[in-house]
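# Report on the structure
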Amino acid sequence: MQKTILFLFLLLSSWVYGQENLTFQKPSAEILALADYQRPPTIRVSPDKAWILFMYRPTYKSLEELGQEEMRLAGLRINAKTKASSTESYVGNLRLKQFASDREFDIKGLPENARIANISFSPDAKKIAFTHTNTHGLALWIIDVATQQAKQLTDYDLNAVLDGPYRWFRDSERLLINKLSSDMPPLVDRSNELPTGPVVSSSAGQVSQLRTYQDLLKDPRDEQDFETLATSMLYWVDLSGNQTKYLDKAMYAQASFSPDGRYVLVSSLKRPFSYIVRYSSFPQETTVYDMQGNLVKKVNELPLVEAMPKGFSSVRTGKRAMGWRQDKPATLFFVEALDEGDANKAADYRDELFEWETPFTTAPRSLAKVADRFSGVVWGDDEHALVSSQWYDTRNVKTFLLNPKTGSMQVISDRNRQDIYSDPGSVFRDKNQFGTYTMYIHKGKTFWIGDGFTKEGEFPFIDELDLKTLKKKRLYTAPNSDLQERISQIVDIHKGDILVSLQSASQYPNIYTKNINTGKQQAITHIESPFKPLENVHKQVLNYKRKDGVDLSGVLYLPAGYDFTKKEKLPLLVWAYPREYKNKSTAGQVRVNPKEFTFPSYGSFVYWVSKGYAVLDNAAFPIVGEGTQEPNDTFIPQLVANAEAAIDAVDKLGYIDRAKVAVGGHSYGAFMTAHLLSNSNLFAAGIARSGAYNRTLTPFGFQSEQRNFWDDPQLYITMSPFMSASRMKTPMLLVHGAADNNPGTFTLQTERYFQALKNLGAPVRMVILPRESHGYVAKENIFHLLWEQDQFLEKYLKSK
């Protein structure tokens, strides 16, 4: 009898502890001191370089905010009451500062309990527009920069479901707004509605490779609600609040003004909708109107796209990338595929670039053809434009100097896009006679701002490129110092005036004016670090090699006051994210910087340096596939080799107890963690957050993998930690957001992986964070996450 009672007690105990009904916890004092901080403001510089706008955003959201009414339709998450994204992050306060003085100004008249978004300066920099969100909608507000006075301009009836709710006109005197119609129908009442029939989808037999998406339309009720929420009217509103109707109801997805201000290019969605693709693949119609709303020309019609050829370099057919030439009064440009959008078809040229001048009485004129896939254009003047192309399989990117008049093209850059050492930078753009931004050309020369990554460190630069000879001249290189300098923008290249940010591991990035000729600089912002406990932490970039010779690196943190003479053996935490490369040389380039400000977040292990751990953050985990070999062909061996090299490098310095090493990652880093624990004995514990563990649930590709499951079933099985769950015997903490919206990382991925591990006897714990998406934002959840990780690491690592 006693044995029976004991058996029942144990059985009931196992049921009780299958899940724990915890309330939200807070982490230990050391971690809380770093996590519970006031977020510093982000800044924006006015177009005339005379003002800085400080934008103060709450450090975290709350669970209550995440619990707002939400509709998940066509790949969007929509707050049906406010007609805006339910994931919007709001600014709570704004302040202004003059460049010419140290004076800062509060903004008068801001709304109470401000929830500010969609912030932009007017073209003349005299006004700032923003939206304010209350419980039932969005309203447009305006700030007068000179007086620092805010006022409400519209009612709470703007629509931001598909597009920004407003855009400034060139004269800075009026704005075009997306406004809800007064006869907007109610949403479908789903409380007692019975289905009228099944949901039926069919295929016409066309081969396609569509990835898995979340939040898609599911039935006719979703279709109706999506159309209701996406529909708006376009209105003009002046700075006094007077409104004039411009265009009637439609599902407006985009609107832009011609540089001369005479036309508006408008794109709108059309039916039929789809239950297998996002709204961006729905039929679209693009039309040009004059400023009075009269139709000038329907310039494009795109059908519903439910089938796409295989490959990341495949595109939809028809006109795409349509927009205004910013150097012309009113000329459109667009691109069309010459290979039917199919990257698998042989073709001498893949894409053709056209221009089309209003009022569209003549046919579009061809400007150029590119052998790879068009990826962008920067307009300069009648004789100069920069055209870019790319090809995913080789990671190749090219930049051409195009003469739009003659069609002649010269290659000015041809490189691997992952080769950061050879990156020429971005061309400087400035306002032209239309008030639009184009490539700045002075006496046949352009100017380029580069990040300046090298083997020795990060040295941003400014180059001058002669457009006739294509010869470069280095005008400026940031000096080597204790502070990391990064170039924000050019103010006056002829005087040598630029804006830079300066930072160090303990000094928060601040903006400075600088003259590249004299070296004189002056601080414009004075933002203090909110992480004082980390100021004396040791930080260094650790360079080491994988056993096959690939160069690796990571940022090593040691606790403040660590004795380098005694060299106490510390537990080590490794945080990483695998990335794919096509050659070893680019894979081995150093992308981390010891002089970058240390900004701890839930997205790394840096918090734990305050608790006596060594932390290797942003450890390089390259997966290389050279030539015809794909990176994932040897994913697991390379993963283990990366981890082994990282541990060996820190252990060689004498800082760690290699029996006490844990690994962690988020998303693809969680996928990495699961594989490492299943396929190596290098780690004592692992933390995997918001990952995907069964690749058969993402059968048409994942991350950088272009092959589908049926191309290589064994690859998908081998790369699924779920399939090797029986080998996973290392303590693991699984975490996932309950409302993950990232393609492929459904919350179900973690739930099913946990069930497999638990039933196979693995020491595993699963934490599902309520209402969180792929990235975590609620204060309650983040604090509890840090508590869970802290408890887990103390139990399985420190106390091992």
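Read on for an overview of the structure.

About the thresholds
Counting restarts for each chain, with residues numbered from 1 along the sequence as it is written. The model is predicted, so local features are restricted to residues of pLDDT at least 70 and side-chain atom pairs to those at 80 or more, both for listing and for counting; the totals for chains, interfaces and linings are taken over all residues. Only heavy atoms go into the side-chain values, all of them from the structure, while hydrogens and water stay out. Under the scheme used here, helices are H or I runs from DSSP no shorter than 4 residues and strands are E runs no shorter than 2 residues, and both carry numbers assigned from the N terminus. Every radius of gyration here is taken over C-alpha atoms, with the globule rule written as 2.2 Å times N^0.38, N being the number of residues. Buried residues are those whose accessible area, probed at 1.4 Å on protein chains only, stays under 20% of the maximum for their type, while exposed residues exceed 50% and partly exposed ones sit between those limits. In short, Shrake-Rupley with a 1.4 Å probe defines the accessible areas, and a residue's cover is counted only from the protein chains shown. The sign given to each residue is positive for Lys and Arg and negative for Asp and Glu; His and the chain ends receive no count. Charge positions come from single atoms, namely NZ of Lys, CZ of Arg, CG of Asp or CD of Glu. Each pair of aromatic rings taken from Phe, Tyr and Trp, with Trp reduced to its six-membered ring, is defined by centres within 6.5 Å and is described as stacked if the planes are under 30 degrees apart, edge-to-face if over 60, and tilted in the remaining cases. Cation placement over rings: the criterion is NZ of Lys or CZ of Arg within 6 Å of the ring centroid and within 35° of the ring normal. When DSSP locates at least two bridges between a pair of strands, those strands are taken to pair. Here, the term nonpolar core denotes a set of buried Ala, Val, Leu, Ile, Met, Phe, Trp, Tyr and Cys residues that are joined through side-chain atoms within 4.5 Å. We define a salt bridge as a side-chain nitrogen of Lys or Arg found within 4 Å of a carboxyl oxygen belonging to Asp or Glu. Here, patches come from residues exposed beyond 30% relative accessible area and free of salt bridges, joined within 9 Å for like charges and within 5 Å for nonpolar side chains (Val, Leu, Ile, Met, Phe, Trp, Tyr). For helices, the fitted axis covers only the stretch in contact; all axes are lines through C-alpha atoms, and the angles between them, taken along N-to-C directions, range from 0 to 180 degrees.

What follows covers the overall build of the chain. A count of helices and strands for the chain gives 10 helices and 46 strands. In terms of C-alpha radius of gyration, the chain reaches 28 Å, essentially the compact-globule figure of 28 Å for 800 residues. With 800 residues in all, the chain has 55% of them scored as buried. Entry remark: accessible area of the chain is about 35,500 Å², with carbon and sulfur atoms responsible for 49%. A distance of 3 Å separates the average location of the 95 positive side-chain charges in the chain from that of its 91 negative side-chain charges.

Tallied over the entire structure, the rule returns 42 aromatic pairs. Ring centres 6.0 Å apart and planes at 75° place the aromatic pair tyrosine 37 and phenylalanine 599 in the edge-to-face group. In this pair, tyrosine 37 is assigned in the loop between α2 (29–35) and β1 (42–45) and phenylalanine 599 in the loop between α5 (584–587) and β42 (614–624), connecting sequence segments 562 residues apart. Residue classification places phenylalanine 599 among the partly exposed positions, given a relative accessible area of 36%. Measuring from ring centre to ring centre gives 5.0 Å for tryptophan 575 and phenylalanine 605, while their planes differ by 80°; the resulting arrangement is edge-to-face. Taken as a pair, tryptophan 575 in strand β41 (residues 570–581) and phenylalanine 605 in the loop between α5 and β42 lie far apart in primary sequence, 30 residues in all. Judged by relative accessible area, which is 8%, tryptophan 575 ranks as buried. Sitting over the ring of tryptophan 236, arginine 174 keeps its end group 4.1 Å from the ring centre.

Burial within strand β8 (residues 116–121) is extensive, with five of its six residues counted as buried. Here four bridges tie β8 to strand β9 (residues 127–134), and the two strands are oriented antiparallel to one another. In the strand pairing of β9, serine 120 is matched with alanine 129. Linking β8 to β9, which pair antiparallel, is a turn of five residues; within it alanine 125 sits at a positive phi near 70°.

This brings us to the nonpolar core. Membership of the largest hydrophobic core comes to 59 residues, with the highest contact counts inside it found for Leu616 and Met732. Per-element tally for this core: the top contributor is helix α6 (residues 635–652), with nine residues. Among the nonpolar cores identified, the runner-up in size contains 48 residues, and Ile524, Phe531, Val590 and Tyr613 belong to it.

Scanning the entire structure with this criterion turns up 51 salt bridges. The closest approach of N and O atoms between arginine 167 and aspartate 163, which form a salt bridge, is 2.7 Å. Here arginine 167 falls in the buried class, since its relative accessible area comes to 11%. Among the residues examined, aspartate 163 registers a relative accessible area of 21% and is labelled partly exposed. One salt-bridge network, held together by shared partners, links Arg320, Asp339, Arg350, Asp351 and Arg373.

What follows concerns a negative patch on the surface. Together, Asp48, Asp124, Asp171 and Glu173 give the surface a local cluster of negative charge. Mapped onto the secondary structure, aspartate 124 falls in the loop between β8 and β9.

An order of β23-β24-β25-β26 is seen for the four strands of this open sheet, with the pairing classed as antiparallel. The sheet is open, and its two edges are formed by β23 (373–381) and β26 (409–416), each paired on a single side. Taken over all neighbouring pairs, the strand axes of this sheet differ in orientation by 15° on average, direction set aside. Here seven bridges tie strand β25 (residues 396–402) to β26, and the two strands are oriented antiparallel to one another. Bridge assignment links lysine 398 to a residue of β26, and that residue is aspartate 414.

With an omega dihedral of 5°, the bond running from arginine 271 to proline 272 counts as a cis peptide bond. As for its placement among the helices and strands, proline 272 is situated in the loop between β16 (263–269) and β17 (284–290). Phi at alanine 74 takes a positive value of approximately 55°, unusual for a residue other than glycine. Inspection of the secondary structure puts alanine 74 in the loop between β3 (71–73) and β4 (76–79).

As far as function goes, none of this settles anything; it's purely spatial.
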